[in-house]
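Here is what each chain is made of, one letter per residue.
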Amino acid sequence: MKSISPNLNIMIKACEKASKVLIRDFGELENLQVSKKGPKDFVTNADKKVEQILINELSKKKYSIISEEAGIIHKENKSNFWVIDPIDGTTNFLHGVPHFCISIALISDNEIVSGVIFDPIKNEIFLGEKNTGAYCNNQRIRVSKKNDFEECLFGSNSKGIKDIELNTRVSGSAALDMAYVASGRLDGFFQKNLNIWDIAAGIVILNEAGGKISPVDIKTTKNHKVIASSEIIYSELNKLLRNF
């Protein structure tokens, strides 16, 4: 990557600092005090600690914040928002499945301009910034060029895919699914009932990797439906998912 903007640098450093707590707590799952926050949706002490570290680090810029746990925090600058998901893949984390990530995006003047998705266990950092490309660990990434659906692999969740004849995997992390589409590991991703913090970073990374994604109203925080893939299969994928 040629250069990193000051904002993207802050995002990366925040992820790196928070990941140290996340890795430590992942290795001590038995000691975590877990509280239920909804069906199949749990919050842990690690979630709260990671979020607080991210907020503290990102607050070096007086931007407002949208976070899964803390909600909306208005600061001096209300035209720029950090969008934070401290642990995307919380259920995986709780069960000791090493597939989760930290996700941070920056919304500036109602546009997602930067995104970072950090998988601390695999030590992979996916990032993208408007008009600068998408990268994984400093290597440029691009979406898949496959056009045969029988050879494609898609990420989703278990809801609403029973009658859809696609080779689909349920990973438990929407943010990593989107990062994997951006890097060509997955050929597409589709899911409903998503929150803006699940997908904001993935949107800009995917766009910068040459992907295409269904329209998302970023002024709304919840109940988003996303269909994403390469330009090559996007139109056909939308037809297949017309009743999704």
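All residue numbers refer to position in the chain's written sequence, counted from 1. The predicted nature of this model means local features are confined to residues of pLDDT at least 70 and side-chain atom pairs, given and counted, to a pLDDT of 80 or more, with totals for whole chains, interfaces and linings taken over all residues. With hydrogens and water stripped out, all remaining heavy atoms of the structure feed into the side-chain values.

A. Examining the sheet that holds strand S7 (residues 111-119) more closely. DSSP calls a pair of strands paired once it identifies at least 2 bridges connecting them. Helix and strand assignments follow DSSP, with helices taken as H or I runs no shorter than four residues and strands as E runs no shorter than two, numbered in order from the N terminus. As summarised here, the arrangement of the 8 strands in space is S4-S3-S5-S6-S7-S8-S9-S10, forming an open sheet in which the pairing is mixed. Since the sheet does not close on itself, it has two edges, and those belong to strand S4 (71-73) and strand S10 (139-140), each with one partner. As paired strands, strand S3 (residues 63-67) and strand S5 (residues 77-88) are joined by 5 bridges and run parallel to one another. Paired with Ser67 across the two strands is Ile84, which belongs to S5. The contact criterion used is simple: two residues touch if any of their non-hydrogen atoms lie within 4.5 Å. For helices, the axis comes from a line fit to the C-alpha atoms of the stretch in contact; other axes are also lines fit to C-alpha atoms, and the angle between any two N-to-C directions lies between 0 and 180 degrees. On the sheet, helix H2 (residues 45-58) packs against S3, S4, S5 and strand S6 (101-108) and is oriented at approximately 150° with respect to S5. Across the sheet, helix H5 (residues 196-208) is in contact with S3, S5, S6, S7, strand S8 (124-129), strand S9 (133-136) and S10; its angle to S7 comes to roughly 100°.

B. Expanded view of the sheet that holds strand S15 (residues 224-230). If you walk across this open sheet you meet the 5 strands as S12-S11-S13-S15-S14, and the pairing is mixed. Each edge of the sheet is formed by a strand with only one pairing partner; in this case those strands are strand S12 (168-170) and strand S14 (211-213). With strand direction ignored, the average angle separating the axes of adjacent strands in the sheet is 20°. Bridge count between S14 and S15: 3 bridges; the pairing is antiparallel. Looking at S15, one finds that Ile213 is bridged to Ala228. Helix H4 (residues 174-182) contacts strand S11 (154-156), strand S13 (188-194), S14 and S15 of the sheet and is inclined by roughly 155° relative to S13.

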